[in-house]
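# Remarks on the overall topology
Given next are the chains, with one letter for each unit.
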Amino acid sequence: MLSKMTKELVIFDFDFTLADSSKGIVKSIQYASRFLNLKIPPKEDIINTIGLDLASTFNTLHSSETDDKIPEFVKHFLTMSSRVMRKSTVVYNNVGVLFSSLKNSQIKVAILSTKLRETISQVLEDNDLLHFVDCIIGGEDVLKHKPNTEGMNKIIQHMNVPAENILYVGDNIVDAKVATYSKVDFLPILTGNTTLNAFNDLGYYEALYDIIQVLDYIDLLEKPC
């Protein structure tokens, strides 16, 4: 069991970490594939790509196709996503309790995701959670997506918190890698499709099963009167 960590900032991935947006993602990818006359990927294959950027998703699901179709794929994905993603995304139980507990202990909260910042903000606002979050870096905010460190570096610079005082929580191998590359502590969460064994290969042997368990790993201070 890891000892409790003293942190100033907790950064979260979004999809399958804070919320389930798989319904909207599946619909948007199938729509984009159909529009380009490509084979429609099955739901299970699409869900296994959640957490990747759209170019990587395209290459995974349509490996026989050339990259020149990616811009059109992204365009049509975003068309459908703008219609369905906000209303079909379900925030996990206990996220509000977790965010409130962190803020009451003066621990900052940020989100690093390949999902569009605008969509994340809308979903959080709909669930009365946006006011808890100090910084969001989404897919439109970077040129290079996770596991590249560009997004993580932007959060670190914006929040002015050293890497050793940050914890990152995510459900995907790309999350573990960006934390490692950024020298940020990482906690896997098993609410996605990545198994603990897969994280073991990167040197992570403990994982969360519910987002509220983040509180078990962080020293919380009493809110001053």
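Higher on the page you've got the structure.
This text gives an overview of the structure that appears in the document. (Residues numbered from 1 in each chain as written. Predicted model: local features only at pLDDT ≥ 70, side-chain atom pairs only at ≥ 80, totals over all residues. Heavy atoms only, no water.)

## Focus on the nonpolar core
- Within the largest apolar cluster, 31 residues are counted, with the highest numbers of intra-cluster contacts made by Phe12, Phe99, Leu102, Val169, Ile211 and Val214.
- Looking at this core, the elements with two or more residues in it are β1 (9-12), α5 (95-104), β4 (108-112), α6 (117-126) and β6 (166-170).
- Here this core gets 4 residues from one element, more than from any other, and that element is α5.
- The next biggest cluster of nonpolar side chains, apart from the first, holds 22 residues, and it includes Val142, Ile155, Ile156 and Ala163. (Core = buried A, V, L, I, M, F, W, Y, C linked by side-chain atoms within 4.5 Å. Buried < 20%, exposed > 50% of the residue type's maximum accessible area, 1.4 Å probe, protein only. Helix = DSSP H or I, 4+ residues; strand = E, 2+ residues; numbered from the N terminus.)

## A short note on the environment of Tyr209
- Mapped onto the fold, Tyr209 is located in the segment after α9 (196-200).
- For the pair formed by Tyr209 and Ile189, sequence separation is 20 residues and the distance between their alpha carbons is 5.8 Å.
- Non-local contacts of Tyr209, meaning those with residues more than four positions away in its chain, are made with Leu190 and Thr191. (Contact = heavy atoms within 4.5 Å.)

## Side note on the pattern of salt bridges
- This structure, assessed with the given rule, holds 10 salt bridges.
- The residue Lys146 makes a salt bridge to Asp175 at a minimum N-O spacing of 2.7 Å. Of the two residues, Lys146 sits in the loop between β5 (135-137) and α7 (150-159) while Asp175 sits in helix α8 (residues 173-182), which places them 29 residues apart along the sequence. For the pair Lys146 and Asp175, one class covers both residues: buried. (Salt bridge = Lys/Arg side-chain N within 4 Å of Asp/Glu carboxyl O.)

## Thoughts on the packing of aromatic side chains
- Inspection of the entire model under this criterion finds 7 aromatic pairs.
- Seen from their ring centres, Tyr31 and Phe35 are 5.9 Å apart, and the 45 degrees between their planes marks the pair as tilted. Of this pair, Tyr31 and Phe35 are both found in helix α1 (residues 22-35), 4 residues apart, which corresponds to roughly one turn of the helix.
- Consider the rings of Tyr168 and Phe186, whose centres lie 6.0 Å apart with planes at 50 degrees: the pair is tilted. Of this pair, Tyr168 sits in strand β6 while Phe186 is found in strand β7 (residues 185-188), placing the two residues 18 residues apart along the sequence. Neither residue differs from the other here; Tyr168 and Phe186 are each classed as buried.
- In this structure an aromatic cluster arises from ring pairing among Tyr168, Phe186, Phe199 and Tyr204. (Phe/Tyr/Trp six-rings, centres within 6.5 Å; stacked < 30°, edge-to-face > 60°.)

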